[in-house]
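Residue-level listing of the chains:
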Amino acid sequence: MDTSICQKGDLIMKQYETVIGLEVHVELATKTKIFCGCKTDFGAAPNTHVCPICTGMPGSLPILNKQVVEFALRAGLALNCQINQFCKFDRKNYFYPDNPQNYQISQLYLPICHDGYVELETAAGTKRIGIHEIHMEEDAGKLVHDEWTDSSLVDYNRSGVPLIEIVSEPDMRSADEVIQYLEHLQSTMQYLGVSDCRLQEGSMRADVNLSVREVGSPVFGTRTEMKNLNSFKAIAHAIEGERERQIELLEDGRAVVQETRRWDDNKESSHAMRSKEDAKDYRYFPDPDLPPIDISDAWIASIRAAQPELKKAKSRRYQSEYGLSAYDADILTGDKALAELFESTIKAGAAPKKAANWLTGETLRLLKEKESEASKITFTAEHLASLIALLEKSVINNQTAKDVFAVMFETDVDPAAYVEEHGLKMESDSGLLEETVKKILDANPKAVGELKEGKDKVIGFLMGQVMKEMKGKANPSQVSEMIHKLVQE
Amino acid sequence: MKILELSATELAKKIKAGEITSEEAVKASLAQIAKEDQKIRAYLTVDEEKVLARAKEVDDGIRSGKYTGPLAGVPIAVKDNICTKDMRTTCASKILENFVPFYDATAVTRITDAGMVILGKTNMDEFAMGSTTETSAFAVTKNPWDTEHVPGGSSGGSCAAVAAGECFAALGSDTGGSIRQPSSYCGVTGIKPTYGTVSRFGLVAYASSLDQIGPIGKNAADCAALLEIITSHDEKDSTSMERKDTDFTSAIGKDIRGMKIGIPKEYLSDGLDDDVRAAVEQCAAYLKECGAEVEYFDLGLMEYTIPAYYVIAAAEASSNLERFDGVKYGYRAKEYEGLHDMYKRSRSEGFGPEVKRRIMLGSFVLSSGYYDAYYLKALKVRALIKKAFDEAFAKYDIILGPAAPTAAPTIGTSLSDPMKMYLSDIYTVAVNLAGLPGLTVPCSINEKGLPIGVQLLGDCFREKTLFTAASAIENVRGGWTLPFARKETLS
């Protein structure tokens, strides 16, 4: 439990507990929109992925994209939810230009999933965060203010892109838990292939409901809702800031007002958008254009059977099956793309531990350096496996492997061909090696003397000289052996 | 031979036989429109040039074998809440005055593919809200039988156009009687099909769970042929159904001996005019003459029908009409300060009083704190009404009743008392709540010379039974001459 101690002067005042619930919007990765055949592609020219349906033209009617239901079911089952096998769409009525019909098709009365949970590993052990419900809905368009003409324009490309909203119970008590919960959702949705869940691009959006109460109080305090949180950092800061703001109000004997607040990332503070008194009456009612959805037992069973292995199970398997450390297994499974590459590399013949080392080591180092991410990796698993094989068979040495990998990372060259082409194979000619070692030993009598006295440190220097002479193409263990042999002679 | 007096099916046969061309039929219709429509005001849009070009194309298509359907070449009118590509679709509202869709409603695609020629778009109550066609923002349509009287509504323009010989058939839409009631007032035949039979794609929604497009014609056979054309299982409408047994024309002229007809006692008690009661009794007599069994029974729930209908229809309308906001298309106020004011002014200036009344009513019944008391309760009543009909149709093949409590009222007498106008929908709205098919067939003419139709209700998917009974009534009733044909005969 995250508690804080408020101090006024030297007097310890009260201890407060933060209570947090989240509403997370996840943009589904369907090819077409939820109620029409328009594409969902991001970044197209304004109003090019539109039709009478997603622009609210008179007489148009919504047609449900079944894939959306399938994705919502996948998400719900992965989050341990109950399924409403008879579920309906409702209309949420409000006027705003980004919403072409002036109602959003959503679910209020019978959402597709309810009563699920997520398990988090906390210092105090496993903690369950309840999922109140998951419902399906359509996204709105985008308003763009045109400074030049001082008017607003609207782009309906995003109008009708499918979303699910995952509503948690108020079970979280700290920013840490919130971040962990969100990371869990993110990874789960990615593994399910349901969404790419990028906060920055808006394919995952989290609204934070937060209240504080005195530790031990049986009732919740008045909550506020915070919007416009575009990164984990913003979420953590917003939670800290809001918690302090509410405690300060209470300490001053003032009340927290139930309101919606907007987080400003630049100012690192939030301001009130609207209070409960201004809350709109959305006049929800069942959408008469869309018949209720009947979800059969067979459909649920087939989705359940086809659910992919999720992060936690995968990490456990990597440890037991491949003998990876928990640390490496967690890193590999932390990103679906990385885990997939890992598994393909093994399939291509690489030893699991070697593959894991390359992916958690050089790969992540280069990704970080280039500010990229695993899903954007261009080299193939086959090439990585082939590189590992070249190293294992001592065709190349470690340093050469790293150099080749760096090239491969950029342009996905075939490492075997590249090594051949650039003459990077280690010299297997023992005559040449002996000759070179002799030459270096002759040139460094002082070092040879030290080595004879048992100062082993100097071997590194000698080896470096040999490698340099042989342009890095020597097998280090052979070099070391040869030095020892010749020194003793 | 007077082309205009032919029924749609007769005309199509002659076109097919090469006796008449579609172009001739279209020219005759256009001439009639030119002659009569200044007075009747059935149409909001007629583009002669386009229509004539289309007629020529259709004639070519018929010759080349592209158009072979039973109504190929027939000129048809389309209600102005059904989207027509490149042709203004206004819903008789200022807010859509200059709206030109870039897509066809599925029903329009169907009639076009069948080689029919769309003459133009017909007047209606604004957004189909009204029972007289007087709430149109552009014109008041007159009843061709007596221009002092309304044609009924909301498909008043379509029904008047058929009655005035300004087209051979028409498409209307029916949310609470908007095909059946004006069909009765105008002495034409019209059917609201089972919910889900005709795609709603391209029909500008009033109340989505109640709206259906349906045919209006000179007789049952024409309506059956047209319904056969527009029936479709459309992937663009999730509420459209895959139906079997849609060869509606095969039902015309079949024997009705042994058919069981029930007349709800409540339908003939207080609140309807004697001439209407007489028409229903007359019709019952016709059916008996053909060998059907007619009896009276208690349907029940009559007093809950109107409130349930107006709560549900208004609730859906309040949401459906939100998209008309001045942002994307349609009317935008000339002057405004900021977004909120733009919405407010555009909608205040763009919508007429009846539409505003229903938007307010609908917004109220959906608002938090009232939803359960009004909207949910109305849904429960709706389920009970469906159940009552289910029980009735376990005993009867057809329920017979009035289409409206009166013949067509005089212009200017209805809108001043909206409550009374709403109550006059008593015989038609239950059908929409229960999703059933309902057909109006002309039965008699009252002392004032106004036509009165009766309504035949069937169980879901039983349109064929209705067509059989309607054609039986036509046979016994004898020839039915529409007002334009009378005048022509007289002059």
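All figures in this text were calculated on a predicted structure; none of them were measured in a lab. (Residues numbered from 1 in each chain as written. Chains lettered and ligands numbered in written order. Predicted model: local features only at pLDDT ≥ 70, side-chain atom pairs only at ≥ 80, totals over all residues.)

## Observations concerning the overall build of chain B
Of the regular secondary structure elements, chain B holds 16 helices and eleven strands. Against the compact-globule benchmark of 23 Å for 491 residues, chain B has a radius of gyration of 21 Å, which places it among compact chains. Once the C-alpha set of chain B is aligned to its principal axes, its extents read approximately 60 × 55 × 45 Å. Per-residue burial for chain B yields a buried fraction of 62% across its 491 residues. Intrachain contacts of chain B at a sequence separation of at least 6 include 76% that bridge at least 24 residues. (Helix = DSSP H or I, 4+ residues; strand = E, 2+ residues; numbered from the N terminus. Rg over C-alpha atoms; globule rule 2.2 N^0.38 Å. Buried ≥ 20, exposed ≤ 12 C-beta atoms within 10 Å, placed from the backbone. Contact = placed C-beta atoms within 7 Å.)

## What about unusual backbone geometry?
Note the cis peptide between G153(B) and S154(B), where omega equals 10 degrees. Along the chain, the position of S154(B) falls in the loop between strand 3 (117-122) and helix 5 (156-163). Notably, N80(A) is not glycine yet its phi reads approximately 60 degrees, a positive angle. When you line up the elements, N80(A) lands in the loop between helix 1 (66-78) and strand 3 (82-83).

## Points about the domain arrangement of chain A
The domains assigned to chain A are domain 1 (3-297), domain 2 (310-421) and domain 3 (430-488). Each of domain 1 of chain A and domain 3 of chain A was reduced to a C-alpha centroid, and the two centroids are 65 Å apart. (Domains from an automatic or database assignment.)

## Some thoughts on the confidence of the model for chain A
In this model, chain A carries a mean pLDDT of 91, and residues with pLDDT of at least 70 account for 96%. A low-confidence stretch, residues 6-10 of chain A (pLDDT under 50), is modelled with seven contacts involving residues beyond four sequence positions or located in other chains. (pLDDT = per-residue confidence, 0-100.)

## Examining the pairing of strand 10 (residues 151-155) of chain A
All names here are of chain A. Across five bridges, strand 9 (residues 142-146) lies against strand 10 in antiparallel orientation. Paired with L143 across the bridge in strand 10 is V154. Linking two consecutive strands that pair antiparallel, namely strand 9 and strand 10, is a turn of four residues; a positive phi of about 50 degrees is found at D150 within it. (Pairing = 2+ DSSP bridges.)

## Notes on helix 12 (residues 430-443) of chain A
The periodicity of an α-helix, 3.6 residues per turn, causes residues three or four positions apart to be oriented the same way. All names here are of chain A. With 14 residues, helix 12 ought to run about 20 Å at 1.5 Å a step, and its terminal C-alpha atoms sit 20 Å apart, in line with that. Residues of helix 12 that are buried include every one of L433, T436, V437, I440 and L441, and no others. Take helix 12 and look down its axis: the buried residues cluster within an arc of 135 degrees, on one side only. Of the exposed residues in helix 12, those oriented more than 90 degrees away from the buried face are G431, L432, E435, D442 and A443. Turning to helix 12, the residues buried within the fold contact helix 13 (445-452), helix 14 (458-469) and helix 15 (476-488). (Expected span 1.5 Å × (residues − 1). Arc of directions from axis to C-beta.)

## Here's the deal with the interface of chain A and chain B
Contact residues are listed per partner, giving 23 residues for chain A and 31 residues for chain B. Each residue belonging to the side of chain A that touches chain B can be placed in one class, and the counts come to 13 nonpolar, six polar and four charged. (Nonpolar A, V, L, I, M, F, W, Y, C, P; charged D, E, K, R; others polar.)

## Considerations on the confidence of the model for chain B
Caution is warranted with low-pLDDT regions, since their predicted coordinates should not be read in detail. Averaged over chain B, the pLDDT score is 96; the fraction of residues at 70 or greater is 99%. Predicted complex metrics record ipTM = 0.95 and pTM = 0.90.

## Regarding the environment of P291(A)
Its location among the elements puts P291(A) in the loop between strand 16 (285-286) and strand 17 (293-294). In the structure, P291(A) is positioned 227 residues away from L64(A) in sequence and 9.5 Å away in space, judged by C-alpha atoms. Discounting residues that sit within four places of it in the chain, P291(A) has contacts with S238(B) and T239(B).

## With respect to the sheet that holds strand 3 of chain B
All names here are of chain B. Here we have eleven strands laid out as an open sheet, ordered 1-3-2-4-6-5-10-11-9-7-8, and mixed in their pairing. Because the sheet does not close on itself, it has two edges, and the strands there are strand 1 (43-46) and strand 8 (293-297). Taken pair by pair, the neighbouring strands of this sheet meet at an average axis angle of 30 degrees, ignoring direction. In terms of strand pairing, strand 7 (residues 260-264) meets strand 9 (residues 398-402) through two bridges, oriented parallel. Among the inter-strand pairings, I261 is bridged to a residue of strand 9, identified as I398. Contacting strand 5 (189-192), strand 9, strand 10 (438-445) and strand 11 (451-458), helix 15 (residues 463-477) crosses the sheet at an angle of about 10 degrees to strand 10. (Axes fitted to C-alpha atoms, helices over the stretch in contact; angles between N-to-C directions.)

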